[in-house]
Amino acid sequence: MSSLPPRPGIMDITPYVGGESKLPGVDRVIKLASNEGPFGPSPKAMEAFKETAPELHRYPDGGAWGLTGAIAEKYGIDRSRIVCGAGSDEILGLLCRAYAGPGDEVLYSDHGFLMYYIAAKTAGATPVTAPEVDLTANVDNLLAAVNEKTKIVFLANPNNPTGTYISKAELERLHAGLPNNVVFVIDAAYAEFIEEADYEAGIELANKHDNVIMTRTFSKLYGLGGLRIGWAYGSAEIIDVLHRVRNPFNTSNAAQAAALGAVNDDAFVEKTLKHNRKWLEWTTEEARRLGLTVPDSYANFVLIRFPEDDGKTAEAADAFLRQRGLIVRRMVPYKLADSLRVTIGLEDEMRLFVEALRDYMRT
Ligand SMILES: *Cc1c(COP(=O)(O)O)cnc(C)c1O
């Protein structure tokens, strides 16, 4: 035993491992492991980022006035109910620290985003998962797992790594079944990618209810994962709490400026979404054609499920792909050891990926 034990629960955490970006001995590495987007950062974001260089000695505006204003205008929401974070990950962590502690439970679905576990454990709370149905969050199962200890419910919609989503009606039904003292966190990191008519990111629900907060990120659609910038929109009460617990300068001026450029980069958004639509569908179909199971994805990645027992496992597929310079993501920590998650990249990257996958399945 260490003589410096941290608070209970901390040593249970396996540190989050991000997607790798290098393979020894491989010249051209194709990284499809972190949902980063095919085209690099938004050009408007890059321009705005460069302009911040002479001002880097200045502390940022902790309240991110310019950025929250632009977000508020874009989405028609109240600026005072927006908080920015160093990625939405930071906000997820702050919510746990603020609302859950030892003896409390933090609930999410079985294959929910890994950060919920880490955030809950860091706060000393107990993570609890509810079974999914068809790799999709299930409202009845989530509600059945709620008890008087439940303090937070996290729902990624669409979810990473499954790519699946629940409808606005189901989202409302889940909220309606929660006690008022449970914070309902709708993690809409992939909201921009989904175009289904029955989808709602969470703004309408957050408009109406004091216990709802929706989180968003600039890391995926806008390609700013390296800068760490995200935001949340929630009730005045929850936002007030987040402002109290966040670091005063939690987002840098460079990140704020870049995000402000990205928010209004309509051309980049249109190009990215058009590309994603096409190659998401193509990759899904090609993988299914090889006999693999791929749930319909509504984000910028697909989950590909491999047979567990006939020598064509996900683990062996991953090793095979690596030899071809392709880095995708194994899903063992998500209780999906039979699956790989593959980000939608550029056209030639997806073609090389499918070619390699075909070779793997046929050898
Ligand atoms: C990527 C991701 C996030 C976090 O993104 P940040 O880079 O921290 O903004 C949050 N939730 C889900 C479901 C994600 O996939």
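Residues numbered from 1 in each chain as written. Predicted model: local features only at pLDDT ≥ 70, side-chain atom pairs only at ≥ 80, totals over all residues. Heavy atoms only, no water.

Participant: Just checking my understanding: could you explain the overall build of the chain for this structure?
Facilitator: Scanning the chain from N- to C-terminus turns up 12 helices and 12 strands. For the chain, whose C-alpha radius of gyration is 20 Å, the value lies close to the compact-globule estimate of 21 Å for 363 residues. When its C-alpha atoms are laid out on the principal axes, the chain stretches across 60 × 55 × 50 Å. Within the chain, the fraction of its 363 residues that count as buried is 56%. Contacts in the chain between residues far apart in sequence, at least 24 positions, make up 75% of those at least 6 positions apart. For the chain, the computed accessible surface area is about 16200 Å², with 51% contributed by carbon and sulfur atoms. Positive and negative charge centroids in the chain, built from 39 and 49 side chains respectively, lie 3 Å apart. (Helix = DSSP H or I, 4+ residues; strand = E, 2+ residues; numbered from the N terminus. Rg over C-alpha atoms; globule rule 2.2 N^0.38 Å. Buried < 20%, exposed > 50% of the residue type's maximum accessible area, 1.4 Å probe, protein only. Contact = heavy atoms within 4.5 Å. Areas by Shrake-Rupley, 256 points an atom, 1.4 Å probe, with all protein chains shown as cover. Lys, Arg positive; Asp, Glu negative; His and termini not counted. Charge placed at Lys NZ, Arg CZ, Asp CG, Glu CD.)

Participant: I'm lost on empty space enclosed by the protein in this one. Help?
Facilitator: A water-sized probe rolled over the atoms picks out the places where empty space is left. Enumeration according to the criterion identifies two cavities of 30 Å³ or more in this entry. Its volume calculated, the largest cavity comes out at about 50 Å³. Taken together, Ser 109, Glu 132, Thr 136, Ala 137, Leu 155, Ala 156, Asn 157, Asn 159, Thr 164, Tyr 165 and Ile 166 make up the lining of the largest cavity. Residues belonging to the lining of the largest cavity are distributed by class as follows: five nonpolar, five polar and one charged. Put simply, the second largest cavity is a space of about 40 Å³. Val 83, Cys 84, Gly 85, Ile 91, Leu 94, Leu 242, Arg 246 and Asn 250 together form the lining of the second largest cavity. Within the residue set of the lining of the second largest cavity, elements represented by two or more residues are β2 (82-85) and α3 (87-99). (1 Å grid on protein atoms, 1.4 Å probe; cavity = no way out; pocket = protein on both sides within 12 Å on 5 of 7 lines; lining within 4 Å. Points joined across faces, edges and corners; volume = space filled by probe spheres on them. Nonpolar A, V, L, I, M, F, W, Y, C, P; charged D, E, K, R; others polar.)

Participant: Sorry if this is basic, but what is going on with the domain arrangement of the chain here?
Facilitator: Often, the extent of an interface is quoted as the loss of accessible area upon association of its parts. When its domains are assigned, the chain resolves into domain 1 (10-40 + 267-362) and domain 2 (43-263). One C-alpha centre belongs to domain 1, the other to domain 2, and the line joining them spans 25 Å. Contacts between the two partners involve 30 residues from domain 1, matched on the other side by 31 residues from domain 2. When domain 1 packs against domain 2, the two sides together hide about 2700 Å² of surface, and 67% of this comes from carbon and sulfur. (Domains from an automatic or database assignment. Buried area = accessible area lost by both parts, 1.4 Å probe.)

Participant: Hey, could you run me through the packing of helix α2 (residues 65-75) against helix α9 (residues 253-263) in this one?
Facilitator: The packing of two helices is summarised by the inter-axis angle and the distance between the axes. Two elements in contact, α2 and α9, have axes whose closest approach is 9 Å; the angle formed by their N-to-C orientations is 20°. With respect to α9, the element α2 is oriented roughly parallel. The handedness of the crossing between α2 and α9 is left-handed. Taken together, the residues of α9 that come into contact with α2 (itself represented by Gly 66, Leu 67, Ala 70, Ile 71 and Lys 74) are Gln 256, Ala 259, Leu 260 and Val 263. Along the lines of polarity and charge, the residues of the contact of α2 with α9 split into six nonpolar, two polar and one charged. (Axes fitted to C-alpha atoms, helices over the stretch in contact; angles between N-to-C directions. Parallel < 35°, antiparallel > 145°, perpendicular 65-115°, else oblique. Left-handed = near helix turned anticlockwise from the far one by under 90°.)

Participant: Help me understand the pattern of salt bridges, please; the structure alone is not making it clear to me.
Facilitator: Between side chains of opposite charge, a pair can form when the charged atoms approach closely. By the definition in use, this model includes 20 salt bridges. A salt bridge links Lys 168 to Glu 204; the nearest nitrogen and oxygen atoms lie 2.8 Å apart. Here Lys 168, found in helix α6 (residues 168-176), pairs with Glu 204, found in helix α7 (residues 203-208); they are 36 residues apart in sequence, far enough to count as distant. A residue is classified by how much of its surface remains accessible, and Glu 204, at 34% relative accessible area, is partly exposed. Connected through shared salt-bridge partners, Asp 140, Glu 170 and Arg 173 make up one network. (Salt bridge = Lys/Arg side-chain N within 4 Å of Asp/Glu carboxyl O.)

Participant: What is the right way to look at the site of the ligand in this model?
Facilitator: Of all residues adjacent to the ligand, which total 13 residues, the nearest are Ser 88, Asp 187, Thr 217, Ser 219 and Lys 220. Taking Arg 228, its side chain carries an N or O atom lying 2.7 Å from an oxygen atom of the ligand. A total of 380 Å² of accessible area belongs to the ligand in isolation, and the protein chains cover 95% of it. Structurally, the ligand is housed in the largest pocket. (Near = heavy atom within 4 Å. Polar contact = N/O pair within 3.5 Å; in protein donor to acceptor, adjacent residues only side chain to side chain. Sits in = over half its atoms within 2 Å of the grid points.)

Participant: Got a minute to help me understand unusual backbone geometry in this structure?
Facilitator: In most cases, non-glycine residues show a negative phi, while peptide bonds are predominantly trans. Cis rather than trans, the peptide bond between Asn 157 and Pro 158 has omega equal to -5°. Take Pro 158: it is sitting in the loop between β5 (150-156) and α6. Look at the link from Asn 160 to Pro 161: it is a cis peptide, with omega at 20°. Along the chain, Pro 161 falls in the loop between β5 and α6. In this structure, Asp 134 takes a positive phi of about 55° despite not being glycine. With respect to the helices and strands, the residue Asp 134 is situated in the loop between β4 (126-130) and α5 (139-144).

Participant: Please clarify how the nonpolar core should be interpreted in this entry.
Facilitator: Counting 56 residues, the largest nonpolar core has Leu 67, Phe 184, Phe 218 and Trp 231 as the members making the most contacts within it. Among the elements that take part in this core, α9 stands out by supplying five residues, more than any other. Two domains each provide a minimum of three residues to this core, namely domain 1 (10-40 + 267-362) and domain 2 (43-263). Each residue touching Phe 184, except ones within four places of it in the same chain, is listed here: Val 153, Leu 155, Leu 171, Leu 174, His 175, Leu 178, Leu 205, Asn 211, Val 212 and Ile 213. (Core = buried A, V, L, I, M, F, W, Y, C linked by side-chain atoms within 4.5 Å.)

Participant: Mind showing me how you'd approach the sheet that holds strand β12 (residues 339-343) here?
Facilitator: Pairing within the open sheet is antiparallel, and its three strands lie in the order β9-β12-β11. Looking at the sheet topology across the chains shown, the edges are occupied by β9 (301-305) and β11 (329-330). Examined bridge by bridge, β11 and β12 share two bridges and lie antiparallel to one another. Looking at the pairing, Arg 330 lines up with Leu 340 of β12. (Pairing = 2+ DSSP bridges.)

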